[in-house]
Amino acid sequence: MTHKVHLDHDHLRHLLKAMIRIRRFEAKCVELYQAQKILGFLHLYDGEEAVSVGVMEALEPQDAVIATYREHGQALARGVDPGCLMGEMLGKLNGCCRGRGGSMHFFHREHRFYGGNAIVGGGLPLALGVALADKMQGRRAVTACFFGDGAAEEGEFHETLNFAKLWRLPILFICENNLYAMGMAVERAEADTDFVHKASSYRIEGERVDGMDVVAVESAARKAIEKIRATSDPFFLECRTYRFRAHSMFDAQLYRSKEEVEAWRKKGPIVRFQAWLEENHLIKPGEVLEMEKAIDAEVARAVAFAEAGPLEPVSDVERFVTMEDIPA
Amino acid sequence: MNAPQEPPSPLRLTYREACKQALRQALHADPRVFLMGEDIGRYGGCYAVTKGLLEEFGEDRIRDTPLSESAFVGAGIGAAMAGMRPIVEIMTVNFSLLALDQILNNAVTIPYMSGGQFAVPLVIRMATGGGRRVAAQHSHSLEGWYAHIPGLRILTPAMVEDARFMLIAALKDPNPTLIFEHVMLYNMEGDIDPAITCVDMDQAKVRRAGADVSLITYGGSLFKTLDAAERLSKEGVEAEVVDLRALRPLDTKTILESVVKTRRCIIIDEAWRSGSIAAEIGMRIAEEAFFELDAPLRRVCGREVPMPYAAHLEDACLPQSEAIAAAALDLVRPS
Amino acid sequence: MPALGADMEAGTLVEWCVKLGDHVKSGDVIAVVETQKGAIEVEIFADGVVSNILVPVGERVPVGTVLARIGGAGAAEATSAAETLAVAARTPPSPARAAPEFRRAQPSAAPQASRLKVTPVARRRAAAFRLDLAGIRGSGVEGAIRLADVEAAASKASTAPPAVKRGLDLSEMRKAIAAAMSRSKREIPHYYLSETVDLHAALAWLERFNAEKEPIDRVLPAVLFLKAAALALREQPKLNGFYENGTFAAAEAVHVGWAVALRGGGLIAPAILNADKKSLAELMSSMRDLVERARRGGLRGSELMSPTVTVTNVGDRGAETVTGVIYPPQVALVGFGRVVMRPWVVDERIESRPIVSISLAADHRVTDGHLGGLYLAAVARLLQEPERL
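Rules behind the numbers
Residues numbered from 1 in each chain as written. Chains lettered and ligands numbered in written order. Predicted model: local features only at pLDDT ≥ 70, side-chain atom pairs only at ≥ 80, totals over all residues. Helix = DSSP H or I, 4+ residues; strand = E, 2+ residues; numbered from the N terminus. Buried ≥ 20, exposed ≤ 12 C-beta atoms within 10 Å, placed from the backbone. Contact = placed C-beta atoms within 7 Å. Nonpolar A, V, L, I, M, F, W, Y, C, P; charged D, E, K, R; others polar. Pairing = 2+ DSSP bridges. Axes fitted to C-alpha atoms, helices over the stretch in contact; angles between N-to-C directions. Parallel < 35°, antiparallel > 145°, perpendicular 65-115°, else oblique. Left-handed = near helix turned anticlockwise from the far one by under 90°.

Colleague: What is the right way to look at the overall build of chain C in this model?
Modeller: Across its full length, chain C carries 10 helices and 18 strands. For chain C, with 389 residues in total, the buried portion stands at 42%.

Have a look at this one:
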């Protein structure tokens, strides 16, 4: 495998479509949230789509994913069916986790999608274990571990990086650096805002990439994963990105200016990629509109599936508190 | 895996040796089993439980970890989710607090939050309890605290037989299991019936039958309680001693059977009294056997202080057999 | 008016055995009341002086009505308290109110807490015995009345002075039997087992035992049955006790209710206390006394309430086999049929032997047939070794 991205028409269209799918899916989620069909927290990925889409392109089915609580994009990009994700959003039995987890806790066994972790930094140690299990069982798999810039403030980040290098575990660490941990700007929380440098202090090789450029992310991820498979050493990818919307739904955004958000919006992963495709005649006029229509239909099907889904009976509420067996 | 050539089991062995034999058996029986923890390899384990296992099983399966409780417990959880059967050792329960996020927020929640897609068949062993003069950061009994958490299995082997076989049962269970080994038990010797090759994890056991009062206890307090029962017998009071063995799930049935029989009950627990497992047991008796009681429920618990270092102070803070016997006598024969 | 049976709601005071100013002590019979089950003596559970008699002879009052007040000798305070309460007592009091009123009239030796301390199980057992807790001294923690105190009070109550003659209202008794037996058949899932036993050894031994004795001292085969049935219960304590509120509580002693058929119809099963511990001679005299008093209506309330199991023996004129109905809240009834001569195989030869059919009716909520079988086997075994009974 090469880390060169195949810039053929189909693949480029596929990348654009994957990003638009996330954007439209989440737009629908906002609508359903305001209609009080989705409850609790709702952390939107709006603006960060290129990171997941780019990284997931580089993964193979046997690879594992550890995600954050902003994981709608990570799950969709990984290929999880939007219907079961929407079902989970609505708390339905046909949700990917029977409505037990909700927006922050998507899990999907077939896609080796290990959650949906809502404790900042808490997912990193899990990546150690998954990677270790794969290594000990002779599986040639990489564990892609997503986390935000805020995770680097947690001890678990440092413990995990040290451990991963020490035990030479095949992990791709993806730092989605969107510059804010909730409202805490990265330079107000980190003595060293260079995350690749932090990784290097544990002698982990890393690279910083423009997280608003899907092709750049895919290319960097392919290169990183190739390296990991060859060496069984971890690799660290810092993706500089930005979230256009609030941290969750209830956020007055007092910590950043409207101008700052607007400036980033202009560099948005979809708008920029789409413009580039059009300029270079890599996409036909009207093709995007068609794509959006198809995606809207897909999202509508997901919503219909979720809406039609039954609720888990309350009598089952204690099921899986303790497991009766280990799922095969 | 080679068929292991087990040395002939001695009838009499120490609790430490029983723990080690259990680990050896588990490592031989299942290639998915491996050990992780601080100084379990070259050092041989803080309490020497794992001594010699590195030489026998190699570095791939006996893994010394950095002092990163959260990372290696989380690694255990991840590995368990991805098909392995890790056994993690945390030196003492106090250190487990550094991994509490992983235990509570991940090990316990993932099977449930994932709607049953993932199990976490992880075993975590840790030392617990006071009596070794190691002061307030190494001496507490927090197993009852962990027993608060649904989804965990909490085992507290006291007898050598349980130290030898509970681990094997725990490894067969699909749920995260915490095994608490009381520090004062490691050197204790006990006999194992060679005919026994397994034990259950769910049932409390009556270690001494008696009709006058039930003494409910577990772990390190079991032997003090048995000693108290002998003292009471000399006074003509026959105490029934119930060894809980597991704090979650709690075997309420055995507790109630004993209390319904004796109609008097004292719970002995070296953990702090407030909000303790002793409180939970007392409440269950009050809820389910109130009309059978012929005396108030009583507890003999650890004093509510961070454990002091000085020997006389530490002894005063732990349940001792004199106090247990006195409490029982007061219930059966109030002056 | 004490509650003397589970189904008793009221009683008629037919005789006062004390008068105002009499000194009474715990265990004395102070009055006789007529109930569905016949005349019952009312015992007192406190020492003191009769300070007020509130219910006149001939009056029918509900259970819980204060019949009289007992004051401490020379306790002026208690007397005045009794007087003020006497007015209130004229209005029909509820059973719940009766006990505290009675207690307040007690001499307060120590500054008593406002509540009587009684352990939960003691309170439950006292209710089963229909014992008034106010007269019992507690030996438990903080002076609480506990199980042992209640049981001691119950057995003390049963060894008090002899009875007074009273007639029986047989139609009332029929109603009481109907109520108890209906409840039994409605609530108790009975199972039945039986065993046929050779009495050759037992009767031969009994003949030798009785040979030297005066007729009055002679022991009937029924006593052997009673003793064997009682002793075997020690081996199977789950057949001896009470099933109430969904749980079984084994009794601490074996008090056998001995079924006595009354002339003119009716049936009553007063207790032979600690039957497993009494000698054959003691049992014989208890049995004679009980049958005699039952037939003339001189039974005591506690004797009717304390049986932990019932034994019925049909005797010479009965049927060959009897399978009984359990008396709730008991959980077992043991029946002995008529002794008959039957061919019996002994050492592969047929001989004529006296045999008896022993049956067990037991509550399936508490025990299973296996345990019942073990019990009957134990009775049969004990009857083969009469000298050890």
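Picking up where we left off.
Colleague: I'm lost on the overall build of chain A in this one. Help?
Modeller: Counting its secondary structure elements, chain A contains 12 helices and 8 strands. The buried share of chain A, taken over its 328 residues, is 51%. Within chain A, counting contacts between residues at least 6 apart in sequence, those at least 24 apart form 75% of the total.

Colleague: Can you walk me through the environment of P237(C) in this structure?
Modeller: All names here are of chain C. Turning to its location among the elements, P237 is positioned in the loop between α7 (221-235) and β9 (241-244). Residue P237 is classed as partly exposed on the basis of its C-beta count, with 13 C-beta atoms lying within 10 Å. In sequence terms P237 and A249 are 12 residues apart; their C-alpha atoms lie 9.8 Å from each other.

Colleague: Before we go on, may I ask you to explain the interface of chain C and chain B in this structure?
Modeller: How big an interface is tends to be stated in terms of accessible area lost as the parts join. Residue-level contacts link 9 residues of chain C with 10 residues of chain B. Here the side of chain C that touches chain B gets 4 residues from one element, more than from any other, and that element is helix α3 (residues 120-129) of chain C. Counted by class, the side of chain C that touches chain B contains 5 nonpolar, 2 polar and 2 charged residues.

Colleague: It is not clear to me how unusual backbone geometry should be interpreted in this structure. Could you clarify?
Modeller: Most peptide bonds take the trans configuration, and most residues that are not glycine carry a negative phi. Here R248(B) and P249(B) are connected by a cis peptide whose omega angle stands at -10°. Following the sequence through the fold, P249(B) ends up in the loop between β12 (246-248) and α10 (252-262). In the segment running from P328(C) into P329(C), the intervening peptide bond is cis, with an omega of 5°. The residue H281(A) is not glycine, and still its phi comes out positive at about 55°.

Colleague: Quick question: what am I supposed to make of the sheet that holds strand β13 (residues 265-272) of chain B here?
Modeller: The strands making up a sheet are joined through hydrogen bonds of the backbone, oriented either antiparallel or parallel. All names here are of chain B. Spatially, β9-β11-β10-β13-β14 is the arrangement adopted by the 5 strands of the open sheet, whose pairing is mixed. Two strands in the sheet have a free side with no partner beyond their single neighbour: β9 (205-208) and β14 (298-302). With direction set aside, neighbouring strand axes in the sheet form an average angle of 25°. Pairing analysis gives 3 bridges linking strand β10 (residues 213-217) to β13, with the strands arranged parallel. Bridge assignment links L215 to a residue of β13, and that residue is I266. Against the sheet, helix α11 (residues 277-289) engages β10, β13 and β14, with an angle of about 155° to β13.

Colleague: Would you take a moment to explain the interface of chain B and chain A for this structure?
Modeller: At the interface, 35 residues of chain B touch 38 residues of chain A. Listing elements by their share of the side of chain B that touches chain A, those giving two or more residues are α3 (69-81), α5 (100-107) and α6 (109-113) of chain B. Split by residue class, the side of chain B that touches chain A holds 18 nonpolar, 15 polar and 2 charged.

Colleague: How do you make sense of the packing of α3(C) against helix α4 (residues 147-157) of chain C when you look at a structure like this?
Modeller: For any two helices packed against each other, the geometry comes down to the angle between their axes and how far apart the axes lie. All names here are of chain C. α4 packs onto α3 with a crossing angle of 20° between their chain directions and a minimal axis gap of 8 Å. Compared by their axis directions, α3 and α4 come out roughly parallel. By crossing handedness, the relation of α3 to α4 is classed as right-handed. Of the residues in α4, those in contact with V121, A122, R125, A126 and F129 of α3 are L147, D149, V150 and A154. Residues that form the contact of α3 with α4 fall into these classes: 7 nonpolar, no polar and 2 charged.

Colleague: Teacher, can you tell me more about the pairing of strand β4 (residues 85-92) of chain B here?
Modeller: The two faces of the sheet receive side chains in turn, since in a regular strand these alternate between them. All names here are of chain B. Judged by how many residues are buried, β4 sits mostly within the fold: 8 of 8 residues are covered. The pairing of strand β2 (residues 33-37) with β4 spans 5 bridges and is classified as parallel. Looking at β4, one finds that V33 is bridged to R85. Here β4 runs beside strand β5 (residues 123-128); their pairing, made up of 5 bridges, is parallel. From the neighbouring strand, V88 faces β5, where its bridge partner is I124.

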